Structure formats: C-alpha cells, structure tokens
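Below are the chains, spelled out letter by letter.
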Amino acid sequence: MDKQAIKLPRHVGIIMDGNGRWAEQHGLPRVRGHERGAKTVRLITEECARLGIEWVTLYAFSSENWRRPQKEINHLMRLLRQFLIKEREALMRNNLQLRAVGQIEKLPQPARDALAETISLTKNNSRMVLCLALSYGGRQELVDAARRISADVAKGVRSAESISESLFATYMYDPEATLRQGHLGHCTAVPSGVPAWRYLPMTYDYVSVVHVHSNYSDGTGSVPEIIDAAAKAGVDIVFLTDHDTLQPCKDGHAGRHGKVLLVVGTEISPDLNHYLAFGLPAETDVKSLASLRPQEYIDRAAGLGGFGFIAHPDHTGTKLFDVPSYRWEDWSVKRFTGLGIWDMMTDFEELLVGPDEALAAFTNFPHSMTGPKSESVARWDRLLASGEKIVGVGEVDNHAEHRKALGRDVTVFPYELAFKTIRMHLLLDAPFDKVTDQGGTDADTKRVLAALRDGRSYIAFDFDHDSRGLELCVVAGEKKAGIGDEVRFRPGMTAEFELPVRARVRVLLNGAVIWEKDNTNRGAVMIPAPGALRLEAFHGPRPWIMSNPIYVRF
C-alpha cells in the first residue's frame, strides 16, 4: 500500500471499546472479551508500524472505567500488567517505543511498576511510538492543557492575548485520525477530518442455524426444547422451517426467547424441489404453494414480501435406511435468493454405504463429515460467474429423528449436537436490541432477515474452532466493501482478510483460486479482474469457513 498515495496520518488514535459487550452477547463473562480484545493490540501496532505510522495511541482505560465493578477493574489491571510484561520482546523486536499518558498514579502499584519498566526498556527504540492512554479522559485533558497554558503565561512564554483555538490544540494530545475499536479488533472511524483509510465499520457477528424442524412437522422436539438446545450450543438465532406450515408463528413462538431469537420460516415441500421461504405473512397458505411449479412458488413467495433458498440441492438420500432423494431438479428457475451449499444431513447420508460405514460415521459424528458436495459448490460458482448475486447458506436440516438402526435406538441427531456443526454467521451493523417484542416481527428479526437475504454472512463448521472474528474486505484507496457488498473494480485493489486462528486459506474469484497459503490468519491479495470474490479456510480436508462473496463489478 502506497502511504503517500492515500496520505496516511502521522498519529492515529484507537479507542479500545466493545469487547465486554461482545462477550455478553455470546454468553461469556466480560473478562473473556477483554482478554480476546487485548490479543488484537499486537496486530494493530505491527500493521501500523508496517504502514509507516509514526505514533499510535491506544485509549485502553478511561477515567470513567473506574466506575465499573471492582472485580472487572481488578481483572483489567492484571491483564494490563501481563500485557506490559509479555509484549516486551515484541516491542524490542519491532523497534517500538512505549509511552503512557493519563492519571498513571491511579493505577495499582504492580501495573505502574510494569509500565515504568517497559517504558524504560524501550525508550531508545525509534520505529514507532505506541502510547497507552490509561485512566484518561477528555475533560481531564482539557484541564491539563489549561494548566500548561497558564504555566507558560506565568513564565512569560505566552501572552494571554495569544491564546486561540489553534494554540489550545497544540497543548492537547490530538491524533490526526481516531478509530473506535469495536469487538475484537473491528474498527470504525471517529470523524476527525481524516478518512478511515483501512477499516470497515464495526460489525456484530451473530451465530445462527438454518433449516430446523420441530414437532409442528416431522421433527421430534418442541419449540422450547429447540430453544434450550440452541442456548446450550451457543446459538443466537434459530431459523425454524417446518414443512408447509407457519403455525409456530401463528402460535406466538416467533421472536425473543431469552438470548435466542426464533425466526419462523417454512420449507415448501413437494416431492422434489424443496424451498426454504422466509419473511412470509403468518396467514400464508403454505400448503397451497407446494402444489405449484417451482418458479411459481418462488415468485409467489417474493410477491408476498418474502425470499427463499433452494434447499439441499444435491441430496441423494440413502438406500441403507430407505431415505429417498429430495434433490432440486428444476434448474430453469430464476429469482431465488440463494441455495444450500453445505447440508449436514446430505453430508452424513453420503457416508452410509454399508452397516460398518454407517456405524463408524454415526459414532464419530461430526468428525466423520467431509464437507459440501462439489456439485453444489461448482454450481454456486457458475451462477456467481454469470453475474448473479446468489447467497450461499449452510443447512443443518435437523429433525432429531428417533430411529432403530443397527439394533440400537438412536437419535439422528440431537438438536444441541447438530447446532454445533454447520452454522451461518450473520454480520449486523448494530447489536440486538435489549428489549424486543415477544411474538410478531421485531426490529431484530427484520435486521436478521435482511442480513440473510443480502448475503452479509458466512458458513462455518464451528465444532472444533470458533470462527467469530472473521474479517474480509476489498480495499481500493479509500473505498472498501465487506461481505455481501458490491464495489466497482479498480486496478490495484486488494482483498484483505483476518481469521481468529491460523488455517489453510484460499481466496477465489468466480470459483477460481487466485491465492492460497497454509498456516496463516491474515493476508492481502491483489484482485486481477471483476467477479465474485469469496474466501475459504480449512482445518484438514474439511472446510472450516466459506464466506459469501464480495461482488466486484465493472
């Protein structure tokens, strides 16, 4: 990146904010959010140093933060001391000088000692200054500036008549550009006359499961049982899609249930060509839709204000357990929102070729899962390459069905277990409301449906590795776009990504791999031409993350 071309600021301030709220939203203690947020500091400082920024100020602990519960304050002070000691080696290796501003005297003695030692150790480093603003507040800064001006006037250095707004600013600690870190490193610009040269607006990552059946159709669980399983699995949103009915919505189940939001859709279910429809009015006669041709019910759903996805398009069933194929056959259809890319039951049933294989797959589930069918992914990429905006979804298609198989009574698969496998992460620009309407369509449900419809999402197999924290954006100078967005192609534009842990990563454009690397968690990739750009990450042979595209247009 050309520093002169985009006029990077000399001094950048970053407000560390939102990590505690992120933890609360995901059912974790606030301190876990602070711990994970602290891990991004090294990434931020190293990247700023690489870009040639001269001075970075991290607003880490404000004077107002002393009002927090004492237990949380104690943890933050321990975390600060650990950071100061642990990062000494990295500061020295990167030639970074540490400084601090604020009411340092208010910090507990162990933190003050660690701060003084690290400042002394790095005082001769010259590549970049990293300044920690601790016990720091804007009002206190004004008071300090006024005191310094008064002292200079008393010494005769300044006259009272020379005091002006511009002079006052020189006595203040004033970065040229200020960014507010959201949760875990997501940043948004705080207006200061300088563009937010790098970061996307803060997003909130909510975990959902798509395609779930209850005892309103052929699932075994009640809605309360499904909600309980979702809460235990760490799921924020359940998309309920019982066959040919919206009765759960009529019975008042849609909406907030504690920390879990239930969104009621339906699976339009003729013999073949199943379609997951969302956003339909509760009074819709869904059974009548199933009697129509596929294009007709796709259009009818859209006419009612809804949208939908082709479900498990390449499902084959299994002869071993007398499960027929429910594949999609009518590929002449248009105007569908998206299609299933990876379906848990299709993946599992592909393994059931014999009794021994079935037992091995069931007892080792979900590690036996292999990934999405190549036909489904290839079809998605062909549609994207044609210029269409097609959203990919991951489905669990979960019924928690009770069966007698191989001489055993089994549940295929319990809701809680299924909900830990293939999940959709929805990226919202604001957190959920704290108060929502029970029943009906509240503001959260509307925003969730919009994110699902617009492809502001990614598919993740979260069983072994939590994917929250994924970042993918396209950068062209000051222009930037995130997952689900459209951006005009410009020569020299790049795709940039960051993952919470290292993986094998590849970046694809219209289905063709344009970049691949093992054991990495971040990178920047030149985009050679317009197209649908998406990211895949792997742990072993099975995908871990499959993002929806960023659409780079002519």
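Predicted, not measured: the structure shown is a model, and the values here were computed from it. (Residues numbered from 1 in each chain as written. Predicted model: local features only at pLDDT ≥ 70, side-chain atom pairs only at ≥ 80, totals over all residues. Heavy atoms only, no water.)

1. As for the overall build of the protein chain
Looking only at helices and strands, the protein chain has 16 helices and 26 strands in total. Across the 554 residues that make up the protein chain, the buried fraction comes to 54%. In the protein chain, the share of contacts with a sequence separation of at least 24, taken over all contacts with a separation of at least 6, comes to 72%. For the protein chain, the accessible surface area stands at approximately 24,200 Å², while carbon and sulfur atoms represent 51% of it. (Helix = DSSP H or I, 4+ residues; strand = E, 2+ residues; numbered from the N terminus. Buried < 20%, exposed > 50% of the residue type's maximum accessible area, 1.4 Å probe, protein only. Contact = heavy atoms within 4.5 Å. Areas by Shrake-Rupley, 256 points an atom, 1.4 Å probe, with all protein chains shown as cover.)

2. Looking at the confidence of the model for the protein chain
The predicted model of the protein chain has a mean per-residue pLDDT of 84, with 83% of residues at 70 or higher. Contacts for the low-pLDDT stretch residues 182–199, under 50 throughout, to residues beyond four places or in other chains number 69 contacts. Throughout residues 435–441 the model reports pLDDT below 50, and contacts reaching past four residues in sequence, or to other chains, amount to 16 contacts. (pLDDT = per-residue confidence, 0-100.)

3. Quick notes on the environment of Met92
Here Met92 is to be found in helix α4 (residues 88–93). It is 7.3 Å that separates the C-alpha atoms of Met92 and Asn125, two residues lying 33 residues apart in sequence. Once residues lying within four places of it in the same chain are set aside, the contact partners of Met92 are Leu121, Thr122 and Asn125.

4. Some details on the side chain of Arg542
Summarising the element assignment, Arg542 is placed in strand β25 (residues 542–547). Here Met369 takes part through its backbone oxygen, which lies 3.0 Å from a polar atom of the side chain of Arg542. Among all residues touching Arg542, those that are not within four sequence positions of it are Trp342, Pro366, His367, Met369, Thr370, Gly371, Phe461 and Asp464. (Polar contact = N/O pair within 3.5 Å; in protein donor to acceptor, adjacent residues only side chain to side chain.)

5. So, unusual backbone geometry
At the junction of Phe365 and Pro366, the peptide bond is cis and its omega measures out at 5° in the coordinates. Note that Pro366 resides in the loop between α13 (355–363) and α14 (374–385). The backbone of His211 shows a phi angle near 80°, a positive value even though the residue is not glycine. On the secondary structure map, His211 appears in strand β7 (residues 204–212). Residue His211 is classed as buried on the basis of its relative accessible area of 0%. Phi at Asp397 is positive, roughly 45°, even though this residue is not glycine. With respect to the secondary-structure elements, Asp397 resides in the loop between β14 (391–395) and β15 (401–405).

6. Considering the pattern of salt bridges
Enumeration according to the criterion identifies 25 salt bridges in this entry. Arg335 serves as the salt-bridge partner of Asp299, at 3.1 Å between the closest nitrogen and oxygen. Highlighted residues: Asp299 in helix α11 (residues 294–303) and Arg335 in the loop between β12 (307–310) and β13 (338–343), separated in sequence by 36 residues. The partner of Asp314 in a salt bridge is Arg379, and the shortest N-O contact between them spans 2.9 Å. Highlighted residues: Asp314 in the loop between β12 and β13 and Arg379 in helix α14, separated in sequence by 65 residues. Owing to a relative accessible area of 14%, Arg379 belongs among the buried residues under this scheme. Connected through salt bridges with shared partners, the residues Glu46, Glu89, Arg93 and Arg522 form a single ionic network. (Salt bridge = Lys/Arg side-chain N within 4 Å of Asp/Glu carboxyl O.)

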